[in-house]
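# Coordinates in review
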Amino acid sequence: MEKPYLQVALDLLDLPRAVAIAEEALQGGADWIEVGTPLIKSEGMAAVRAMRERFPGHEIVADMKVADTGALEVEMAAKSGASIVCILADADDAVIAEAVRAARKYGVRLMADLINVADPVARSRELEAMGVDYINAHVGIDQQMIGKSSLDLLARLAGAVQIPIAVAGGLDAATASAAVQSGAAIVIVGGNIIRSADVAGSAERIRSAIDRPESRPPQAESPDAAVRRLLEAVSAPNISDAMHRKGAMTNLVSICGRVKMVGRAVTVRTIAGDWAKPVEAIDVAGEGDVLVVSSDGVTNVAPWGELATLSCRNRGIAGVVIDGAVRDVDDIRAMAFPLFARTAVPNAGEPKGLGEINTEIACCGQEVRPGDWIVGDESGVVVVPRERAYEIARRAVEVKKTEERIREEIRRGRSLAEVMELLKWEKR
Ligand SMILES: O=C([C@H](O)CO)[C@H](O)[C@H](O)COP(=O)(O)O
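Residues numbered from 1 in each chain as written. Predicted model: local features only at pLDDT ≥ 70, side-chain atom pairs only at ≥ 80, totals over all residues. Heavy atoms only, no water.

Per an unreviewed UniProt entry, the protein chain is named 3-hexulose-6-phosphate synthase, and its organism is Methanoculleus frigidifontis. In its Sequence similarities (unreviewed entry) section, UniProt records this for the protein chain: "Belongs to the HPS/KGPDC family. HPS subfamily." Turning to the protein chain, the UniProt annotation filed under Catalytic activity (unreviewed entry) states: "D-ribulose 5-phosphate + formaldehyde = D-arabino-hex-3-ulose 6-phosphate". (UniProt positions renumbered as here; feature names shortened; annotations may be inferred.)

Right, let's get into the site of the ligand. Surveying the vicinity of the ligand reveals 15 residues, the closest of which are D11, H138, Q144, G170 and G190. H138 is positioned such that a nitrogen or oxygen atom in its side chain is 2.8 Å from an oxygen atom of the ligand. Between the ligand and Q144, the relevant distance is 2.9 Å, taken from an oxygen atom to a side-chain nitrogen or oxygen of the residue. Computed on the free molecule, the ligand has an accessible area of 400 Å², of which 91% lies beneath the protein chains in the complex. Grouping the constituent residues of the shell around the ligand by class yields four nonpolar, seven polar and four charged. (Near = heavy atom within 4 Å. Polar contact = N/O pair within 3.5 Å; in protein donor to acceptor, adjacent residues only side chain to side chain. Areas by Shrake-Rupley, 256 points an atom, 1.4 Å probe, with all protein chains shown as cover. Nonpolar A, V, L, I, M, F, W, Y, C, P; charged D, E, K, R; others polar.)

The interhelical angle for the contact between helix α1 (residues 15–27) and helix α17 (residues 389–411), taken along N-to-C directions, is 95°, at an axis separation of 13 Å. Viewed along their axes, α1 and α17 adopt a mutual orientation that is roughly perpendicular. Across from R17, I21 and E24 in α1, the residues of α17 making contact are R405, I406 and E409. Of the residues in the contact of α1 with α17, the class split is two nonpolar, no polar and four charged. (Axes fitted to C-alpha atoms, helices over the stretch in contact; angles between N-to-C directions. Helix = DSSP H or I, 4+ residues; strand = E, 2+ residues; numbered from the N terminus. Parallel < 35°, antiparallel > 145°, perpendicular 65-115°, else oblique. Contact = heavy atoms within 4.5 Å.)

The subject of this paragraph is unusual backbone geometry. Although it is not a glycine, T69 sits at a positive phi angle of roughly 45°. With respect to the helices and strands, the residue T69 is situated in the loop between β3 (60–66) and α4 (70–80).

Strand β10 (residues 261–270) sits mainly inside the fold: eight of its 10 residues count as buried. Where β10 lies against strand β19 (residues 373–377), four bridges are found, and the strand directions are antiparallel. Each bridged residue has a counterpart across the sheet, and for V262 the counterpart in β19 is V375. By the bridge criterion, five bridges tie β10 to strand β11 (residues 290–294) in an arrangement that is parallel. Pairing of R269 across the sheet is with S294, part of β11. Between the parallel pair β10 and β11, the chain is carried across by helix α14 (residues 276–284), and the sense of this crossover is right-handed. Bridge count for β10 against strand β16 (residues 355–357) is three bridges, and the pairing is antiparallel. (Buried < 20%, exposed > 50% of the residue type's maximum accessible area, 1.4 Å probe, protein only. Pairing = 2+ DSSP bridges. Right-handed = clockwise from strand over helix to strand, strands pointing away.)

A separate point is the environment of R407. Its location among the elements puts R407 in helix α17. Along the primary structure R407 and S196 are separated by 211 residues, whereas in three dimensions their C-alpha atoms are 9.9 Å apart.

Looking now at the domain arrangement of the protein chain. Domain annotation of the protein chain identifies domain 1 (5–219) and domain 2 (226–390). One C-alpha centre belongs to domain 1, the other to domain 2; they are set 45 Å apart. (Domains from an automatic or database assignment.)

The angle between the axes and the distance between the axes are what describe a pair of packed helices. Between α1 and helix α3 (residues 45–54), the least distance of the axes is 11 Å, while the angle of their chain directions is 35°. When the axes of α1 and α3 are compared, the crossing they make is right-handed. Only A46, A47, A50, M51 and R54 of α3 make contact with α1, whose side of the interface consists of L15, A18, V19, A22 and E23. Class assignment for the residues of the contact of α1 with α3 results in eight nonpolar, no polar and two charged. (Left-handed = near helix turned anticlockwise from the far one by under 90°.)

This is the structure:
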């Protein structure tokens, strides 16, 4: 079998950054350079021309995602220097036929992107018969965030076509290796190369994984464990960014300073400073849960203190959030327990049993339901709705990755405004 190609997808907005990142990726062993769809939308065919001029010896792939006017768009990309042009596999046959005619006329190859195709096997066969040169088993970035896998799509295509198959969608070294073992001839990687602080090193790791693929048994993981693992890897600000800057609780401080908290909510509504319900909720909560206590606006009485905290720690509870006051702060700090509250007061309330456990509550400006995910760190606390937890956790990981590369470019001497092109992207 021919050595698989590594195609780096430059899904960036800024051409000089894209050129610099392409250089580093080639140093790390990438072969083909993809001018990503976001780059084409931001910079147009100038991006394809620039890559052709800067990298004359490499295949330049223009990810046009052609949906209409097949001939015109293939011609534009070909005349700008692309050697491979990407079209949407789902485009009408009339578009595909025109794209194939233009590709032949201008001496370029066509890659059909299976993103969102209902019957990928049947469509791949049709595309091969129509003259498409490569099939791309691609799961798009938004689809990846809800758990769709490009490896699953690739597996469905086994033996379906004779033309080379590319694979794209969230690949890293381990999944790139698995893709090659499943027959991929071209491995396309975007985020896990271009957003890394060490682009050349990341490309190199993927290069060696595809050149010497290893079999690793897939790790079984429950959906809850996956969400927890992902949320533990990111910060509360990463999550807030992933939620379009929503979900943050207000006016809370981390009583123990530098602690991290991740868990599913057990909610408590307590009334008039009652501390019975919050304490009873400790026995309702399980290991890894977070108690979220709404205290009815009361801040002059503490429904929480050291003994409750100790009890939580014994049960393996991940943390506590109270939109009111706590006491015994010095003892709690000695335990370094994740406790978030508005303030501290010395007086406790009475254990009257007023309130409810595990009902929907309003707490620090957020609605919290039992089972929602709660993440806290020194920046504050965010609430992640349970039905979108996996997606938001995945998106937060992407936010963190994006920051890795930005941080590296700032370390190299550029300003944040320059890296982010703030002036260009101000809303007009
Ligand atoms: O084609 C892509 C996507 O639709 C954005 O344009 C990506 O290049 C492709 O998904 C590869 O990128 P990663 O998924 O980040 O590896």
